[in-house]
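Descriptive structure summary
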Amino acid sequence: MAKKRAVLLAGLMALALSAAGCSAAPAADPSPSPQPAATAAPAPVSVSPQGLAVARQEGEVYFPSAEQWSYHFTYAYPHLLGQDYAAAAINDTYQMALDEMEQLVLPMFANEESMQFDGRNEVTHDFDVTCNTDRLLSIVQTRSQTMGSEGVALALEALVFDVSGAYIGETLTLRGCVLTGIGEEPADEMTVEKYPQAARLIEGSSDLIAEAVSRALYPSFAALQQAGVGRSDITQEDFEWEFAPAANFYVNADGNVTFFFPPAMLTEPTFDVPVFSFTAAELEALMENGES
């Protein structure tokens, strides 16, 4: 029952960013949300070389009420300062995620008997900026929920945004993130003739890259199992289901794509998860090795 509830929890918590996804699908034209005139702008926690500033939008809410609550939600979400299109679009993405939590997910949890646990459930969302350049903004959100005697459920959600290219303000796919580090043009316009060193990446897809990464990282997970860090009940088939490289990645400060094992794959779940960074050349080599 605990495992089923944890799976349900992870699925419902993922609703908060499901609309953003990890693809470069067209987004509706956003409108910057005006700040109250009397409210000072929050101090940024990250600023790009060209001045793209990310601040913290913080708050807390009780469900169903502050007097008699079963869920207490404490959060910090990214909020970009400025009035340009990229800032407005990215803010819309996270505002929609926050609205989903406040208006759908947590009210449903608070009214669902099977999700009551000990009646005093703490949900906490926070985030880290892992890359903020003139091309990309990469954000990893941490999520936790206490579940009474069943412990604490942890999850990581990562999104990488285009802040100056053809998909400005939208999330990028794994392939799109990798190719952004190779050329200036959009991934779909890159050619093997111009970038022969990335032929397999250009002709491939996010799914093919993910398959190559999954094959390459399974021995690392098996080693974690031997060390007692990785869950012993996860088979290789389970690993391919639990670890989704096309979603479980971010871009680090060096511009390299970094994959992470979800907290639920560890014997003692933590946000300090194992991570594996790859350059575009290394990912190209993984795909080449997979063909041989």
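Remember, predicted model here, so these are calculated numbers, not experimental data.

1. Examining the sheet that holds strand 8 (residues 257–260)
With respect to topology, three strands assemble into an open sheet ordered 7-8-9, the strand pairing being antiparallel. At either end of the open sheet lies a strand with only one pairing partner, and these are strand 7 (249–251) and strand 9 (275–278). The sheet shows a mean angle of 25° between the axes of neighbouring strands, taken without regard to direction. Of the pairings in the sheet, the one linking strand 7 to strand 8 comprises three bridges and is antiparallel in character. Its bridge partner being in strand 8, Tyr250 is matched across the sheet by Thr258. Each of strand 8 and strand 9 touches helix 7 (residues 280–291); the most contacted strand, strand 9, lies at about 95° to it.

2. Remarks on the environment of Asp128
Here Asp128 shows up in strand 4 (residues 121–132). Judged by its relative accessible area of 47%, Asp128 is partly exposed. A sequence separation of 10 residues divides Asp128 from Ser138, and the C-alpha atoms of the two residues are 8.6 Å apart. Leaving out residues up to four positions away in the same chain, Asp128 has contacts with Ser138, Ile139 and Val140.

3. Side note on the environment of Thr258
Residue placement: Thr258 occurs in strand 8. In this structure the C-alpha to C-alpha distance between Thr258 and Ser277, which are 19 residues apart in sequence, comes to 4.1 Å. Setting aside chain neighbours within four positions, we find Thr258 in contact with Asn248, Phe249, Tyr250, Asn252, Val275, Phe276 and Ser277. Within the structure, the side chain of Thr258 is placed 2.7 Å from the side chain of Ser277, a separation counted as a polar contact.

4. A word on the confidence of the model for the chain
On average, residues of the chain carry a pLDDT of 88, and 86% of them reach 70 or more. Every residue in residues 1–8 scores below 50 in pLDDT, and together they form seven contacts with partners more than four places removed in sequence or on other chains. Scored below 50 in pLDDT, residues 15–29 shows 39 contacts in the model against residues more than four places distant or in partner chains.

Reading the values: rules and limits
- Residues numbered from 1 in each chain as written.
- Predicted model: local features only at pLDDT ≥ 70, side-chain atom pairs only at ≥ 80, totals over all residues.
- Heavy atoms only, no water.
- Pairing = 2+ DSSP bridges.
- Helix = DSSP H or I, 4+ residues; strand = E, 2+ residues; numbered from the N terminus.
- Axes fitted to C-alpha atoms, helices over the stretch in contact; angles between N-to-C directions.
- Contact = heavy atoms within 4.5 Å.
- Buried < 20%, exposed > 50% of the residue type's maximum accessible area, 1.4 Å probe, protein only.
- Polar contact = N/O pair within 3.5 Å; in protein donor to acceptor, adjacent residues only side chain to side chain.
- pLDDT = per-residue confidence, 0-100.

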